[in-house]
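Examining the three-dimensional arrangement
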Amino acid sequence: MMKIDHITLTHISMPLVSPFETSFGRTTDRECILITIQSEGLTGYGECVADRDPGYSYETTGTAWHILKDFIVPMILGQDVKDAADFQQRVAGIRGHHLAKAGVEMAFWDLLGKREGKSLRELFNGQREKVAVGVSVGLQESPEALVQAVEKYLANGYRRVKIKIKPGRDVGDASGVRKTFPEIKLQVDANSSYTLEAAQYLKLLDQLNLLLIEQPLFEDDIWEHHKLQQQLRTPLCLDESILSARHARYAIEMDACRIINIKAGRVGGLGEAIAIHDLCLERGLPVWCGGMLETGVGRASNLALASLPNFSLPADISASERYYAQDITNERFVLNADSTIDIPTGLGLGVTLDPAAVRKYSRAEISLMTHGQA
Ligand code: OSB
Ligand code: MG
C-alpha cells in the first residue's frame, strides 16, 4: 500500500527547438502538466501529455488541470493506493480524460518501482535494453524544405522517418522524400485529416513503399478505416482511434488496420498500453510506441514501455535535443549510432528533476496535501 501524502501539479511550457506543425496546428511551445506525488518518503513523477489546444485530443492542459485538481486528486489524496490498477479502479467513475488519468498513473508506476527497487522496464518485464527509434518530421514550408529537414535528421543518425501529411500536402511531399532517399524506412501520419472520399490521394501513396499510413480518417471512425484498408496494400496504423484495449480489439476484428501506435496517455495509462500490447501480440499485429513531444519524464516512460517484445517497429521517441535545448530532467536522452536510445536503468522512471528548469518553465503550480501535513 502507498499512503498518498502530497500531490503537486505544475503547469509547464517549454520552447521547442523548432516549431512542430501537423494537420491540426502548429506548436512552438509545448505545454504539459508535471505531477509529483509524495508517498511515505518517496517521490513519484508523472507527465500529463495534454497540450494547450484541443487539436490532437479534446483534452487540453486546462481541462486536465480541472479534472486533476477537482476530481482525481480528491479521490486519492490521503488514501492508501495499492498499485496502478487500484488507482484506475478509484477513478473509473470519471468518463474519458485519459491524458489526465495517465499522467497520475505514471507517477504511481514511478513510486512502485522506487518502493520495490526496480526500474519500470523490470516492473514491465521488458526484454530489451535499448529501443529502435525514428523521428517524426512536421509539415514544412515546401516539399524541398521537407527533403532538407529529412536529410538533416538522417545525418543525425535516425534510420526511420515519419512525415506529417494533410490534403494537398501528401503525394508531392512523400514522393519528394522517397525519390531523394529511395532506401529509407518511411511512413506518413495524417492525424485524421482525410475523408474516405478523398482516399484517391492516399491510394497514390501505395506506390511509395511506405511502412504504414497513420490515422488518415476521423478519430472516432474505425469502420471506414476498414473500408480504406481493403483498398490499400500499405498497412494502415491507427493512433487517435484506439482509446482502449476494446477499441484495439474492434479494429483488429474489423481489419481496420494492420499496425497499432500505442501511446500510454491516449489509452489512459501504462497498464492499458500494456494490455493493448499483449492483445496485439496474441493476434499477430505489430505495435510501436508513439510520442507526444514529451519532456524527459514522459520520454523515460515511453522508453520503458517500448521494452516489451511486440514493439517491433521503430518508436516516435527521438533524442532530447530534437525537441528541447533544455529539459526539466537532469537526464538527457541521446541517439546511439544504430538509431536506438537506451532505456533508463534507475529505479522507477529512472529520471531526476532539475528544480531550476522546472521553476523556469513553470506557469502555475498547486500543492495539495492531507490535513495535518505542513
Ligand atoms: O500524431 O503522433 C502524433 C506529436 C503530438 C501529437 C500527436 C503526434 C505527435 C507526433 C510527434 O507525431 C511524436 C514525437 O516525436 O513525440
Ligand atoms: Mg499520430
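Scroll up to find the structure this text is about.
The rules behind each value
- Residues numbered from 1 in each chain as written.
- Chains lettered and ligands numbered in written order.
- Predicted model: local features only at pLDDT ≥ 70, side-chain atom pairs only at ≥ 80, totals over all residues.
- Heavy atoms only, no water.
- Helix = DSSP H or I, 4+ residues; strand = E, 2+ residues; numbered from the N terminus.
- Rg over C-alpha atoms; globule rule 2.2 N^0.38 Å.
- Buried < 20%, exposed > 50% of the residue type's maximum accessible area, 1.4 Å probe, protein only.
- Contact = heavy atoms within 4.5 Å.
- Areas by Shrake-Rupley, 256 points an atom, 1.4 Å probe, with all protein chains shown as cover.
- Lys, Arg positive; Asp, Glu negative; His and termini not counted.
- Charge placed at Lys NZ, Arg CZ, Asp CG, Glu CD.
- Pairing = 2+ DSSP bridges.
- Expected span 1.5 Å × (residues − 1).
- Arc of directions from axis to C-beta.
- Disulfide = S-S within 2.5 Å.
- Near = heavy atom within 4 Å.
- Polar contact = N/O pair within 3.5 Å; in protein donor to acceptor, adjacent residues only side chain to side chain.
- Nonpolar A, V, L, I, M, F, W, Y, C, P; charged D, E, K, R; others polar.
- Core = buried A, V, L, I, M, F, W, Y, C linked by side-chain atoms within 4.5 Å.
- Donors = N, O, S within 2.8 Å, 3.2 Å for Na, K, Ca; no water.

Another point: the overall build of the chain. When helices and strands are tallied, the chain shows 12 helices and 15 strands. Relative to its length of 374 residues, the chain is compact, with a C-alpha radius of gyration of 20 Å against a globular reference of 21 Å. On the principal axes, the C-alpha backbone points of the chain span a range of 65 × 40 × 35 Å. When burial is assessed residue by residue, the chain has 59% of its 374 residues classed as buried. In the chain, once contacts between residues fewer than 6 apart in sequence are set aside, the share between residues at least 24 apart is 72%. When the accessible surface of the chain is summed, it comes to about 14,900 Å², and 50% of that surface belongs to carbon and sulfur atoms. Charge-centre separation for the chain: the mean point of 40 positive side chains lies 1 Å from the mean point of 48 negative side chains.

Another point: the sheet that holds strand β11 (residues 236-238). Read from one edge of the open sheet, seven strands run β7-β8-β9-β10-β11-β12-β13, paired in parallel fashion. Across the chains shown, the open sheet's two edge strands, defined by having one partner strand only, are β7 (135-137) and β13 (287-289).

Taking 1.5 Å of rise per residue, 14 residues should cover 20 Å, and helix α5 (residues 143-156) covers 20 Å from first to last C-alpha, within 8% of that figure. Buried residues of α5: L146, V147, A149, V150 and Y153, and no others. Here the buried residues of α5 occupy an arc of 165 degrees about the axis, which is enough to place them on one side. Projecting away from the buried face of α5 at angles above 90 degrees are the exposed residues E144, Q148 and A155. If you follow the buried residues of α5, they end up packed against β7, β8 (160-164) and α6 (171-180). Just downstream of α5, G157 is the residue with a positive phi angle, here 115 degrees.

Turning our eyes to something else, we now look at the state of the cysteines. Taken as a whole, this structure holds zero disulfides when the rule is applied. Not engaged in a disulfide, the cysteine C48 finds its nearest cysteine sulfur in C32; these two sulfurs lie 7.9 Å apart. No disulfide involves C289; its nearest neighbouring cysteine sulfur is the one of C237, lying 12 Å away. We classify C289 as buried; its relative accessible area is 1%.

Close contacts around ligand 1 come from 15 residues, with S136, D189, N191, L293 and Y323 the closest. Between an oxygen atom of ligand 1 and a main-chain N or O atom of M292, the distance comes to 3.3 Å. The side chain of Y323 places a nitrogen or oxygen atom 2.6 Å from an oxygen atom of ligand 1. When ligand 1 is considered free in solution it has 390 Å² of accessible area, and contact with the protein chains removes 97% of it. A class-by-class count of the residues in the shell around ligand 1 yields five nonpolar, three polar and seven charged.

The subject of this paragraph is the nonpolar core. Grouped together as the largest cluster of nonpolar side chains are 123 residues, with contacts concentrated most on I35, I163 and I260. A total of nine residues in this core trace back to one element, the largest contributor, which is helix α3 (residues 98-116). Ignoring any residue separated from it by four or fewer positions in sequence, one finds I163 in contact with V137, L146, V150, D173, A174, L186, Q187, V188 and D189. Grouped together as the second largest cluster of nonpolar side chains are five residues, L212, C237, I259 and L313 included.

Here we take up the coordination of the magnesium ion (ligand 2). When four donors bind a metal tetrahedrally, each ideal donor-metal-donor angle is 109.5 degrees, and when six bind octahedrally, the ideal angles are 90 or 180 degrees. Summarising the metal site, the magnesium ion (ligand 2) is bound by the protein donors D189 (OD), E214 (OE) and D239 (OD), whose distances to it range over 2.1 to 2.3 Å. Of note, the magnesium ion (ligand 2) draws all its donor residues from one chain, in the sequence arrangement D-x24-E-x24-D. Residue D189 is found in strand β9 (residues 185-189), and its partner E214 is found in strand β10 (residues 213-214); the two are separated by 25 residues along the sequence. Taken individually, D189 and E214 each receive the classification buried, so the pair is uniform in this respect.

Right, let's talk about the side chain of D110 for a bit. Within the secondary structure, D110 sits in helix α3. Assessed through its relative accessible area of 0%, D110 is described here as buried. For D110, the side chain forms a polar contact with the main-chain nitrogen of Y45, separated by 2.8 Å. Discounting chain neighbours no more than four positions away, the residues touching D110 are T43, G44, Y45, L120, L347, G348, L349 and G350.

Turning our attention to the pairing of strand β4 (residues 42-48). Among the seven residues in β4, five count as buried, and that is most of the element. Strand direction decides the pairing type here: strand β3 (residues 25-39) and β4, joined by seven bridges, are antiparallel. Its bridge partner lying in β4, S39 is registered against L42. The turn joining β3 and β4, which pair antiparallel and follow one another in sequence, is formed by two residues; a positive phi near 50 degrees is taken by E40.

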